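Structure at a glance
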Amino acid sequence: MDRYNQHGIEKKWREIWEKEKLYHTAKDPKKKYYCLDMFPYPSGDGLHVGHWRGYVLSDMWARYQKMNGYDVLHPIGFDAFGLPAENAAIKRKSHPRKFTAQAIPRMREQLKQIGTMYDWEREVVTSEPSYYKWTQKIFLELFKQGLAYRKNALVNWCPTDQTVLANEQVVEGKCERCGAVIEKQEREQWFFKITNYTEELLADLEKLNWPERVKTLQRNWIGKSEGALLSFAVEGSSEKIDVFTTRPDTLFGCTYLVLAPEHPAAEKITSTEHKKEFEAYRKTTNALSEVERIAEKREKTGVHTGAFALHPATKEKLPIFVADYVVMGYGTGAIMAVPAHDQRDFAFAKQYNIPLKTTIKPDDGRDDSKIRALEECFTGKGILYNSGDFTGLTSDQAIEKIGKKYGAPSIRYKLRDWLISRQRYWGAPIPIVYCDKCGIQAVSEKDLPVLLPEDSDFKPTGESPLARHPTFTNTICPNCDGSARRETDTMDTFVDSSWYFLRYTDPHNTKEAFSQKELNKWLPVDMYVGGIEHAILHLLYARFVTKALADAKLVGFREPFTRLYNIGIVHLDGAKMSKSRGNVVNPDELVAHFGSDTLRGYELFLGPADRDVEWNPRAVAGIHRFLERVWEISGNVRDRTDSLERTKELIFEITREIEALRPNTALARLMAISHDYVQTPPSKEEFAFYLQLMAPFFPHLAEDLWHTLGKKDSIFSSAWPQGEEHLGKRVTIVVQVNGKLRATVDVPRDVAREDLQQSARTAVEHHIQGKSLKKVIVVDGRLVNFVVQ
RNA sequence: GGGCGAGUGGCGGAACGGUAGACGCGCCGGCCUUAGGAGCCGGUGGGAGAAAUCCUGUAGAGGUUCAAAUCCUCUCUCGCCCACCA
């Protein structure tokens, strides 16, 4: 037999599969399965072995589902708009479209190299007018529903990328992408009203088969807190100050109030003699970057406004301060400060010598004298004292009662509306026209797409590049036919990716974004595979858009992704593999050396698929040796079948491991039995089963050997075999004495208990001798444990 | 400060509460080869022993159980996420 010529085999089968349209998606699925990958953005550097991991896992899964009789939709596309392409184009003095047109074919080849069963006829590219026409349509749909709106807002400005960013794209006050310190700017921007769906986005997480970790991240991001809104009158003023608190039980410990510097009431209540100081403080705060403002261990600063609030219960005069440790973006931008029971307030009070008042005792008997001694504060719940009518209540009782008596129950969320305007070129133009007479007007659907001009200067300057393009900007009002200006911002690329999975069902539709008919055949997505980095942004936005489209009666479901799987990150030298770090391993070279099947196998063998792993360049050879061995075995198969026992058991185990998404252990079993096959060559029948088990992992090799067995159809058209557990007629029983392993005995599986106990006892007699037998534990098919004294 | 994970050989990692270390890498020994290797065979947690076998071992300390890497309590270490969020 010839040597294993993996390259020849792989090339041959890819051509045949393509020619015979093996992966062509069924027109009318009887049993549908939608297996989705998070689509990549076209990159000049192509894929590295870290990218491979997710694609290989989903492909293994898709092939397994296909063999289980499902009609599988397994599509791919490119998230082609956005900063990566634009920045790459600037760097190469090219144009984003040109850059994209070069990068996509190369990545397509790389993806094909993996040997995936994608249906390439359904490929979508978000930067194509035939795609973004519908992104614009979806924008208009949200606009029609009042879910897209324009407002003047303090926004996150990235000075390097020269664009506004969504809150979600700002990490520790820095740009998620380039790391530049974010500035706050006041700008008129487009937002999507994701906050209309806050409660539903939170509640529906319960229904999803997603990793708990991702659900928790989304819950935290939505950030629901329940508390009370308490109102404080300002002495000698008609102003009222509302504060939000989750701990109304500490109301009687409140000794001052704090407003955020940007709070609208701050200016009004500040007394004349404090005006100067206040203005100066506000100016300094404004000048601080977000990073500086939230820097750890920064001393608390603030100024007195000269005004006083009245305690709603005791009518005590409480000084009102302005301090930047209170932020305008959360709650009401004002707090009741309780220095005895809140760390931040405590730090501030210490700094400015404000007295504290303890009102809660820990109910665990701890001494709270320290609190009084100004050494620390008590932030837990306990028993109230010094709290008027509420003295003696527990915190939990008081939270409800005080909240009701002096205010109203209130729920606050951290989730903000989604800012979608970008002052960049490479994105879908926002289909809006401004008319002096008619105001904000939606572009008529017949005029979609609003084409992105190809000849625009796209260098970022802070203003939208499209604003410098007169033939784009000047247009006609769809309402009055008078002259008007186009919106010149483009949409955040997360808008493109918030609906792409719908387009795959009907990618060539020129009449609609997707037809209900095609959509209903496939959605929702049964399995979505991708990295944890999209746990918040992409997944939350896609869920929101789905819900908005459901309310527009355009889709018939409210959650897009029934099941989510997070592929672990591949590290090299302890750090996440990335081109910018320079620690990438190029799959092309490995494929050239070992073939795709070897690399596929190794990607899945690295470790548990959902855990981060360190790439070990040398270990790839182990998989290659294994495939060589399987090739050798195929030359030695016997005609006669003695018994299918070991094979049936193997089928059972591999099926179980695949179902549990444990490809690493499935592969370990496949390898282990290959050693048996070297000793005892398998029969044709056995080996055919074995190849079916190999097929989801090693499609090329499995298909090739399948045909050398004389099979006519593709192995992927064959039905996944049925396994059985516990077929072996003999079984190894563990014999313990006092829980310690002392021997093993080999007995028939259906051995009588007395006989088993007898042979077990014989095996460990010398450990029992001279001791009294207290008890015998027998676990069928597993062990016998003699308890002696 | 809060939340969520995770600690098992030289390394990646296996183990429905029931033979700890499957499988792979590496290493050691041998084989094939003119030679080389990313080829083949065997061995490989630590300790004692010629061997049978015994002792010991899953971050640490307790506990539950006939039996604990696995369940419970505390401690330590590492990782990730969130965070002046009231």
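Numbers given for residues are sequential positions, taken from 1 along each chain in its written order. Chains carry letters from A onward and ligands carry numbers from 1 onward, assigned in written order. Where local features are concerned, this predicted model is filtered to residues with pLDDT of at least 70; where side-chain atom pairs are given and counted, the filter is 80 or more; whole-chain, interface and lining totals use all residues. Excluding hydrogens and water, the side-chain values take into account all heavy atoms of the structure.

1. Section: the overall build of chain A
Segments assigned H or I by DSSP are reported as helices when at least four residues long, segments assigned E as strands when at least two residues long, and all are numbered from the N terminus. Regarding its fold elements, chain A presents 27 helices and 34 strands. Along the longest, intermediate and shortest principal axes, the C-alpha atoms of chain A span 100 × 90 × 45 Å. Buried residues are those whose accessible area, probed at 1.4 Å on protein chains only, stays under 20% of the maximum for their type, while exposed residues exceed 50% and partly exposed ones sit between those limits. Here chain A, with 789 residues, has 55% of them falling under the buried criterion. Each accessible area value is a Shrake-Rupley result obtained with a 1.4 Å probe; residue values ignore everything except the protein chains displayed when judging cover. Counting only carbon and sulfur atoms, one obtains 49% of the accessible surface of chain A, whose full area is about 35,300 Å². For this count, His and the chain ends are skipped, Lys and Arg are scored as positive, and Asp and Glu as negative. For the purpose of locating charges, the reference atoms are NZ of Lys, CZ of Arg, CG of Asp and CD of Glu. Where the 110 positive side-chain charges of chain A centre and where its 108 negative ones centre are 1 Å apart.

2. So, the confidence of the model for chain A
Scored from 0 to 100, pLDDT records how confident the predictor is in each individual residue. Across chain A, the average pLDDT comes to 88, with 96% of residues at 70 or higher. Complex prediction metrics read pTM 0.91 and ipTM 0.91.

3. Observations regarding the protein's contact with RNA strand B
Proximity is defined per residue: if any heavy atom of the residue lies within 4 Å of a molecule or strand, that residue is considered near it. Looking at RNA strand B, there are 51 residues lining it, with Lys300, Tyr325, Arg344, His593 and Arg625 nearest. Of what RNA strand B places within 4 Å of the protein, 57% of the atoms are sugar or phosphate. Within the backbone of Tyr330, a nitrogen or oxygen atom sits 2.8 Å from a base nitrogen of RNA strand B. Contact distances for RNA strand B include 3.0 Å between a base nitrogen and a side-chain N or O atom of Gln736. Counting residues per element, the surface near RNA strand B draws most heavily on helix H23 (residues 663–679), which supplies six residues. Among the residues forming the surface near RNA strand B, the class breakdown is 22 nonpolar, 14 polar and 15 charged. We define a polar contact as two N or O atoms separated by no more than 3.5 Å, with the added condition that, inside protein, one atom must be a possible hydrogen donor and the other a possible acceptor, whereas residues neighbouring each other in sequence contribute only through side-chain atom pairs. Lys, Arg, Asp and Glu make up the charged group, whereas Ala, Val, Leu, Ile, Met, Phe, Trp, Tyr, Cys and Pro make up the nonpolar group; the residues left over, Gly among them, are polar.

4. So, the packing of helix H3 (residues 83–91) against helix H4 (residues 96–113)
In this analysis, axes come from line fits to C-alpha atoms, helices being fitted only over the stretch in contact, and the angle between any two N-to-C directions falls in the range 0 to 180 degrees. Two numbers describe how H3 lies on H4: the axes approach to 8 Å, and their chain directions differ by 105 degrees. Between H3 and H4, the crossing angle belongs to the class labelled roughly perpendicular. Along its contact with H3, which presents Ala85, Glu86, Ala88 and Ala89, the element H4 presents Pro96, Phe99 and Thr100. Here the residues of the contact of H3 with H4 are counted per class, giving five nonpolar, one polar and one charged. Note on angle classes: values under 35 degrees are labelled roughly parallel, values over 145 roughly antiparallel, values of 65 to 115 roughly perpendicular, and the remainder oblique. By the convention used here, residues are in contact when the closest approach between their heavy atoms is within 4.5 Å.

5. Some thoughts on unusual backbone geometry
Cis geometry marks the peptide bond from Leu448 to Pro449; its omega dihedral reads 0 degrees. Tracing the sequence through the fold places Pro449 in the loop between strand S22 (439–442) and helix H14 (470–473). Residue Leu523 is joined to Pro524 through a cis peptide bond whose omega torsion reads -5 degrees. Mapped onto the secondary structure, Pro524 falls in the loop between helix H17 (516–522) and strand S26 (527–531).

6. What to know about the sheet that holds strand S30 (residues 613–614)
What the three strands build is an open sheet, ordered S29-S28-S30; its pairing is mixed. Strand pairing shows two members of the sheet lacking a second neighbour, strand S29 (575–576) and S30, which therefore form its edges. Sheet topology places strand S28 (residues 570–572) next to S30; two bridges connect them, and they run parallel. Across the sheet, the residue bridging to Val570 is Val613, located in S30. For two strands to pair, DSSP has to find at least two bridges joining them.

7. Brief notes about the packing of helix H2 (residues 49–67) against helix H20 (residues 596–605)
Their axes nearest at 9 Å, the elements H2 and H20 cross at an angle of 95 degrees. Judged on the interaxial angle alone, H20 and H2 are roughly perpendicular. Residues Val49, Trp52, Arg53, Val56, Leu57, Asp59, Met60 and Arg63 of H2 form the contact with H20, whose participating residues are Ser596, Leu599, Arg600, Glu603 and Leu604.

8. What about the pattern of salt bridges?
For this analysis, a salt bridge means a side-chain nitrogen from Lys or Arg found within 4 Å of a carboxyl oxygen belonging to Asp or Glu. For the structure on display, the rule yields 53 salt bridges. For Glu199, the salt bridge is made with Lys224, and the minimal N-O distance between the two is 2.7 Å. Placement of the pair is Glu199 in helix H6 (residues 198–203) and Lys224 in the loop between helix H7 (212–222) and strand S10 (225–234), with a sequence separation of 25 residues. Judged by relative accessible area, which is 33%, Lys224 ranks as partly exposed.

9. Notes on the packing of aromatic side chains
Pairing of aromatic rings covers Phe, Tyr and Trp, the last through its six-membered ring, and needs centres within 6.5 Å; plane angles under 30 degrees mean stacked, over 60 mean edge-to-face, and all others mean tilted. With the rule as written, the count across this model stands at 44 aromatic pairs. Between Tyr149 and Phe191, the ring centres sit 5.7 Å apart and the planes meet at 20 degrees, which makes this aromatic pair stacked. One end of the pair, Tyr149, is in strand S5 (residues 148–158); the other, Phe191, is in strand S9 (residues 183–192), with 42 residues separating them in the sequence. The exposure class of Phe191 is buried, given its relative accessible area of 6%. A ring pair is formed by Tyr602 and Trp615, whose centres lie 5.1 Å apart and whose planes are at 80 degrees; its orientation type is edge-to-face. Here Tyr602 is found in helix H20, whereas its partner Trp615 is found in the loop between S30 and helix H21 (620–634), with 13 residues between them in sequence. Side by side, Tyr602 and Trp615 carry an identical accessibility label, which is buried. Here the aromatic cluster, defined as three or more aromatic residues joined through ring pairs, consists of Phe139, Phe143, Trp190, Phe192, Tyr197, Trp418, Phe494, Tyr541 and Phe544. For a ring to carry a charge above it, either NZ of a lysine or CZ of an arginine must fall within 6 Å of the ring centroid while also lying within 35 degrees of the normal to the ring plane. Arg63 extends its terminal NZ or CZ atom over the ring of Trp17, reaching a point 5.4 Å from the ring centre. The ring centre of Trp157 lies 4.1 Å from the NZ or CZ of Arg187, which sits over that ring.

10. Observations regarding the side chain of Asp506
Position of Asp506 relative to the elements: it lies in the loop between helix H16 (500–503) and H17. At 2.7 Å, the side chain of Asp506 forms a polar contact with the side chain of Asn509. Contacts of Asp506, omitting those with residues within four sequence positions, involve Arg122, Ala513, Phe514, Ser515 and Glu518.

11. Let's talk about the pairing of strand S24 (residues 483–486)
Pairing of strand S21 (residues 432–435) with S24, which is carried by three bridges, proceeds in the antiparallel orientation. Pairing of Cys435 across the sheet is with Ala484, part of S24. Of the pairings in the sheet, the one linking strand S23 (residues 474–476) to S24 comprises three bridges and is antiparallel in character. Across the sheet, residue Thr475 finds its bridge partner in S24, namely Ala484.

12. So, H20
Summarising burial for H20: nine of the ten residues are buried, a large majority. Of the positions making up H20, those classed as buried are Ser596, Asp597, Thr598, Leu599, Arg600, Gly601, Tyr602, Glu603 and Leu604.

13. A look at the side chain of Glu123
Relative to the helices and strands, Glu123 resides in the loop between H4 and strand S4 (124–125). Within the structure, Glu123 has its side chain in polar contact with the side chain of Arg108 (distance 2.8 Å). Ignoring sequence-local partners within four residues, the contact set of Glu123 consists of Ile76, Gly77, Phe78, Ile104 and Arg108.

14. Side note on helix H11 (residues 343–351)
Restricting attention to buried positions, one finds in H11 the residues Asp345, Phe346, Phe348 and Ala349. One side of H11 holds all its buried residues, which, seen down the axis, span an arc of 165 degrees. Opposite the buried face of H11, by more than 90 degrees, sit the exposed residues Gln343 and Lys350. Where H11 is buried, its residues touch strand S12 (256–259), strand S13 (302–310), strand S14 (317–323) and strand S15 (334–337). Here the arc refers to the set of directions running from the helix axis out to each C-beta atom.

15. A few points about the sheet that holds S5
Taken in spatial order, the four strands of this open sheet run S6-S5-S9-S19, and their pairing is antiparallel. Since the sheet does not close on itself, it has two edges, and those belong to strand S6 (163–165) and strand S19 (418–419), each with one partner. Here helix H5 (residues 129–144) sits on the sheet in contact with S5 and S9, set at roughly 90 degrees to S9.

16. Some remarks on the environment of Lys729
Tracing the backbone through its elements, the reader meets Lys729 in the loop between helix H25 (699–708) and strand S31 (730–737). With a relative accessible area of 61%, Lys729 lands in the exposed category. Linking Lys729 and Val747, residues 18 residues apart in sequence, is a C-alpha distance of 8.6 Å. With residues up to four places along the chain from it excluded, the contact list for Lys729 reads Glu645, Val747, Pro748 and Arg749.

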